[in-house]
Amino acid sequence: MKGLFKGLLNENPIFVLALGLCPALAVSITVSNAIGMSAATLVVLMGSNLLISLFRKQIPYDIHIPAYIVIIATLVTAVDIILQAYSPALSKSLGIFIPLIVVNCIILGRAEAFASKNTLSASFLDALSMGFGFTVGLVTIAFIRELLGSGTITLIPNGNFIRIPPLADNPVLVFSLPAGALIVMGFLQGFFRWLGVVRKR
Amino acid sequence: MTYVGIIITYTFISNLVLSQFLGLCPFIGVSKNSESAVGMGLAVTFVMSLASLISWALEYFILVPLDIEFLRTVTFILVIATLVQLVEMAVRKYSPPLYQALGIYLPLITTNCGVLGIALISVNRNFDAAESFLAGFSAGLGFLMALLFMSGIRERLDTEKVPKYLRGAPITFISGGLMALAFMAFDTALLTNLLRSS
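Cut-off values and rules
- Residues numbered from 1 in each chain as written.
- Chains lettered and ligands numbered in written order.
- Predicted model: local features only at pLDDT ≥ 70, side-chain atom pairs only at ≥ 80, totals over all residues.
- Heavy atoms only, no water.
- Helix = DSSP H or I, 4+ residues; strand = E, 2+ residues; numbered from the N terminus.
- Rg over C-alpha atoms; globule rule 2.2 N^0.38 Å.
- Buried < 20%, exposed > 50% of the residue type's maximum accessible area, 1.4 Å probe, protein only.
- Areas by Shrake-Rupley, 256 points an atom, 1.4 Å probe, with all protein chains shown as cover.
- Contact = heavy atoms within 4.5 Å.
- Buried area = accessible area lost by both parts, 1.4 Å probe.
- Salt bridge = Lys/Arg side-chain N within 4 Å of Asp/Glu carboxyl O.
- Nonpolar A, V, L, I, M, F, W, Y, C, P; charged D, E, K, R; others polar.
- Patch = residues over 30% accessible without salt bridge, like charges linked within 9 Å, V, L, I, M, F, W, Y side chains within 5 Å.
- Axes fitted to C-alpha atoms, helices over the stretch in contact; angles between N-to-C directions.
- Left-handed = near helix turned anticlockwise from the far one by under 90°.
- pLDDT = per-residue confidence, 0-100.
- Phe/Tyr/Trp six-rings, centres within 6.5 Å; stacked < 30°, edge-to-face > 60°.

Bringing the overall build of chain A into the picture now. For chain A, the helix and strand inventory stands at 9 helices and 2 strands. Listed by position from the N terminus, the elements making up chain A come as α-α-α-α-α-α-α-β-β-α-α. Relative to its length of 201 residues, chain A is compact, with a C-alpha radius of gyration of 18 Å against a globular reference of 17 Å. Here chain A, with 201 residues, has 51% of them falling under the buried criterion. Summing over all exposed atoms, chain A offers an accessible surface of approximately 9,000 Å²; the carbon and sulfur share of this is 71%.

Quick look at the interface of chain A and chain B now. Across the boundary between the two partners, chain A contributes 33 residues, which contact 34 residues of chain B. Here chain A packs against chain B, burying approximately 3,000 Å² in sum over the two surfaces, 84% of which is carbon and sulfur. Area buried by chain A at its contact with chain B is led by C22, V103 and L182 of chain A, which between them contribute 20% of it. On inspection of chain A and its partner chain B, the count reaches 0 salt bridges. Contributions of two or more residues to the side of chain A that touches chain B are made by α2 (21–26), α4 (64–86), α6 (105–115) and α9 (178–200) of chain A. For the side of chain A that touches chain B, the element with the most residues is α9 of chain A, which contributes 13 residues. Classifying every residue of the side of chain A that touches chain B gives 27 nonpolar, 5 polar and 1 charged.

The next subject is a nonpolar patch on the surface. On the surface, I35, L155, I156 and I162 of chain A cluster together to form a nonpolar patch covering roughly 360 Å² of accessible area. Relative to the helices and strands, I162 of chain A is located in strand β2 (residues 162–163).

Residues and elements named next belong to chain B. Tallied over the entire structure, the rule returns 2 salt bridges over all chains. Among the ionic pairs, R72 bridges to E59, the shortest N-O distance being 2.9 Å. Of this pair, R72 sits in helix α5 (residues 72–94) while E59 sits in helix α4 (residues 34–66), placing them 13 residues apart in sequence.

How two helices sit against one another is set out by the angle between their axes and by the gap between those axes. All names here are of chain B. It is the contact of α4 with α5, at a shortest axis distance of 10 Å, that shows an interaxial angle of 145°. Crossing of α4 against α5: the hand is right-handed. Here F46, V47, L50, A51, I54, S55, L58, E59 and L63 of α4 come into contact with α5, specifically with R72, T75, F76, V79, I80, L83, V84 and V87.

The next thing to look at is the confidence of the model for chain A. Mean pLDDT for chain A: 84, with 95% of residues reaching 70 or above. Within chain A, the lowest mean pLDDT, 68, falls on helix α1 (residues 2–5) of chain A, and the highest, 90, falls on helix α3 (residues 31–54) of chain A.

So, on to the packing of aromatic side chains. Counted by the stated rule, this structure contains 6 aromatic pairs over all chains. With centroids separated by 6.3 Å and ring planes inclined at 85°, the aromatic side chains of Y10 of chain B and F127 of chain B adopt a geometry described as edge-to-face. One end of the pair, Y10 of chain B, is in helix α1 (residues 3–13); the other, F127 of chain B, is in the loop between α7 (113–124) and α8 (129–157), with 117 residues separating them in the sequence. Both residues of the pair, Y10 of chain B and F127 of chain B, count as buried. By way of ring pairs, the aromatic residues F15, F191, F192 and W194 of chain A are connected into one cluster.

Residues and elements named next belong to chain B. For T172, the position within the fold is in helix α9 (residues 169–183). Judged by its relative accessible area of 1%, T172 falls in the buried class. The contacts of T172, once residues within four sequence positions are left out, are I28, S31, M150 and R154.

Laid out in structure tokens, this is it:
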């Protein structure tokens with residue numbers, strides 16, 4: 001159980017390990033985008049951790065990075081095609097950030113740091129934990145940005161959203177712009193550091 | 001789009017780091033001093049220019065004729081990984097100090113999403129060979145510029161009193177956000193005005 005929760009706070013991939021930052025900031029304009037992106041990343045992460053852990057003794061060390069990249073890229077292509085078929089709206093709003101999951105450092109990072117050295121079940125648990133941590137991080141950023149930047153909360157990508165009246169009338173536009181994303185990210189990282197210090201006491 | 005338009009768009013208006021969120025890891029990781037920032041920026045510019053051009057060739061000479069465009073992601077990332085390996089070997093041979101300074105970030109250019117990103121953007125926009133190369137080159141230039149500015153800010157920040165929990169990466173993000181605000185002055189209206197007057 002301890003392994004499952006490490007990704008949420010102490011080793012949160014976004015705020016503490018600083019992995020997978022680009023998609024975290026780029027797609028966090030609405031909560032529904034963040035959830036879609038997290039789900040796609042979680043699927044790829046679980047697949048890659050499982051496959052790499054399964055073949056960790058067969059993959060020669062000299063070419064392990066290219067081999068991992070091919071495994072990851074294949075999984076991402078599959079996810080991309082599935083999303084295009086079943087959720088074209090989400091696929092469109094995530095745009096090139098779906099193929100870019102290939103270069104999300106969280107996936108290669110976990111493959112290299114964990115799955116290549118650990119058993120199948122431990123790697124699966126690690127993927128689950130990191131994936132959840134990524135989801136929590138992404139949804140937190142998206143929640144803050146969407147709430148302040150447009151005064152709405154979009155949970156499913158079908159055009160329905162919850163409107164928060166006073167904020168929706170006077171949204172702080174900067175939060176939906178790139179600048180706002182970077183600033184929110186900075187403060188959240190600082191907050192998680194403070195949280196880490198408080199927990200250690 | 002004219003060539004000048006492409007250069008201005010990808011260097012300033014759609015700056016990789018400050019408006020598209022691509023290549024953030026090296027932006028935070030290698031911007032501690034201006035020397036490694038320039039080294040990293042040049043390496044990335046080189047890889048991006050070549051990667052965009054080669055991806056264009058692969059797309060139109062192999063993927064489209066064989067009707068296997070769904071393999072685009074796999075093909076592009078393999079090309080980029082190979083290119084990065086070559087650059088790494090070259091830097092290690094010709095400039096050991098730079099190799100030391102860039103450290104782990106050199107092999108990580110492979111996972112710099114900017115490189116794959118600009119290759120995919122060029123293909124999505126149906127750029128021709130020259131336009132793809134130019135898009136890659138100017139995106140790299142924009143990255144170099146953002147990285148250099150950031151390293152300047154961080155060198156100053158070292159001597160400032162930053163709140164304890166914001167030191168390092170968090171304050172870098174916040175400064176980056178303020179820089180992105182400044183870059184909002186470059187927008188498409190500016191480009192159209194510029195092209196009309198010239």
